[in-house]
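# Notes for the structure review
Residues per chain are reported as follows:
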Amino acid sequence: MSTTQPIRDRNTLQNFKDYYQSTEQNIRNYAIIILDLNTALRISDILHLTHNAVYKNGSVKEHIVIREQKTGKENRILLNREARTVLAQYHKTLLKTKMYQDGNPYLFPSPKKTDAPLSRFQAYRMIIDAAKAVGIEEHISCHSLRKTFGYHAWKQGREPVVLMAIFNHSSFAVTKRYLCIEQDDKDEVFRNIYQSSTEKILKNR
């Protein structure tokens, strides 16, 4: 079985993010993808978020605090501008749903059960459909969104030790596997090392 991959290409990632906003409009699916890509949470933790964990007096909270289902560790996460904007839009729709009005407490409630969140299988299908639609050929799963966060944070120069803390990993070895560093990434380092200083020398000749 191939390893779950992040979405590396920025244009492809943008198309993936936009799919449920501009092509197959679905504010719930759009909110799940944006929230997952911007928080690096496992999909199980995303799906078990409650309405009260995210909103206070109708507004999106600045931070969410969760206890991770897999590790039992507490995690405090800042909701950035993109996540807050989408969650504010989604809130208007959520309030009108029968699930919310029937008392389902979850942020992404099951369409059939009054006391359960959307299932992991439904989330998986939603993510796979979007990936196929925008031409992603790599092995994509729910976990790909978490890995995508890590990969692009690393490419932006974020310290791996900080990513280890964000992911709540117990060892750096696990974080290293999450980054899914490929030969192209290593080639880029070799290609660009000392480039700025070399250009400066050539310019002064």
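Use the structure listed above.
Residues numbered from 1 in each chain as written. Predicted model: local features only at pLDDT ≥ 70, side-chain atom pairs only at ≥ 80, totals over all residues. Heavy atoms only, no water.

In this structure the tally under the stated criterion is four aromatic pairs. Between Y19 and Y20, the aromatic rings sit 4.9 Å apart at their centres with planes inclined by 75°, giving edge-to-face as the arrangement. Accessibility assignment for this pair places Y19 and Y20 in one class, buried. Aromatic side chains Y90 and F108 sit 5.2 Å apart centroid to centroid with 35° between the ring planes, which places their arrangement in the tilted category. Here the residue Y90 occupies a position in helix 5 (residues 81-94), and F108 occupies one in the loop between helix 6 (98-101) and helix 7 (120-133), the gap between them amounting to 18 residues. One cation-aromatic arrangement involves R8 over Y151; the distance from NZ or CZ to the ring centre is 5.4 Å. (Phe/Tyr/Trp six-rings, centres within 6.5 Å; stacked < 30°, edge-to-face > 60°. Buried < 20%, exposed > 50% of the residue type's maximum accessible area, 1.4 Å probe, protein only. Helix = DSSP H or I, 4+ residues; strand = E, 2+ residues; numbered from the N terminus. Lys NZ or Arg CZ within 6 Å of the ring centre and 35° of its normal.)

Formed by 43 residues in total, the largest nonpolar core has its most connected members in F16, L35, L49, V54, L87, L107 and F108. Among the secondary structure elements, those contributing two or more residues to this core are helix 1 (10-23), helix 2 (27-39), helix 3 (43-47), helix 4 (51-54), strand 3 (63-67), helix 5 and helix 7. Listed in part, the six residues of the second largest apolar core include L163, F167, Y178 and L179. (Core = buried A, V, L, I, M, F, W, Y, C linked by side-chain atoms within 4.5 Å.)

The next thing to look at is the pairing of strand 4 (residues 74-78). Residues of strand 4 alternate between two faces, with N75 and I77 buried on one and E74, R76 and L78 left unburied on the opposite face. Pairing of strand 3 with strand 4, which is carried by five bridges, proceeds in the antiparallel orientation. If you follow I64 over to strand 4, its bridge partner there is I77. Connecting strand 3 to the antiparallel partner strand 4 that follows it, the hairpin turn spans six residues, and G72 within it adopts a positive phi of roughly 80°. (Pairing = 2+ DSSP bridges.)

The first and last C-alpha atoms of helix 7 sit 20 Å apart over 14 residues, in line with the 20 Å expected at 1.5 Å per residue. Among the structural elements, helix 1, helix 2, helix 3 and helix 8 (143-155) are those in contact with the buried residues of helix 7. Immediately beyond the C-terminal end of helix 7, within one or two residues, lies G135, with a positive phi of roughly 85°. (Expected span 1.5 Å × (residues − 1). Contact = heavy atoms within 4.5 Å.)

Turning our eyes to something else, we now look at a nonpolar patch on the surface. Together, V161, V162 and I166 make up an exposed nonpolar region whose accessible area comes to about 230 Å². For V161, the position within the fold is in helix 9 (residues 160-167). (Patch = residues over 30% accessible without salt bridge, like charges linked within 9 Å, V, L, I, M, F, W, Y side chains within 5 Å. Areas by Shrake-Rupley, 256 points an atom, 1.4 Å probe, with all protein chains shown as cover. Salt bridge = Lys/Arg side-chain N within 4 Å of Asp/Glu carboxyl O.)

Quick look at the packing of helix 2 against helix 8 now. Where helix 2 meets helix 8, the closest approach of the two axes is 7 Å, and the angle between their N-to-C directions is 45°. Here helix 2 lies oblique to helix 8, going by the angle between them. Helix-helix and strand crossings are classified by hand; for helix 2 and helix 8 the assignment is right-handed. Of the residues in helix 8, those in contact with I33, D36, L37, N38 and T39 of helix 2 are L145, R146, T148 and F149. Of the residues that constitute the contact of helix 2 with helix 8, the class distribution is four nonpolar, three polar and two charged. (Axes fitted to C-alpha atoms, helices over the stretch in contact; angles between N-to-C directions. Parallel < 35°, antiparallel > 145°, perpendicular 65-115°, else oblique. Left-handed = near helix turned anticlockwise from the far one by under 90°. Nonpolar A, V, L, I, M, F, W, Y, C, P; charged D, E, K, R; others polar.)

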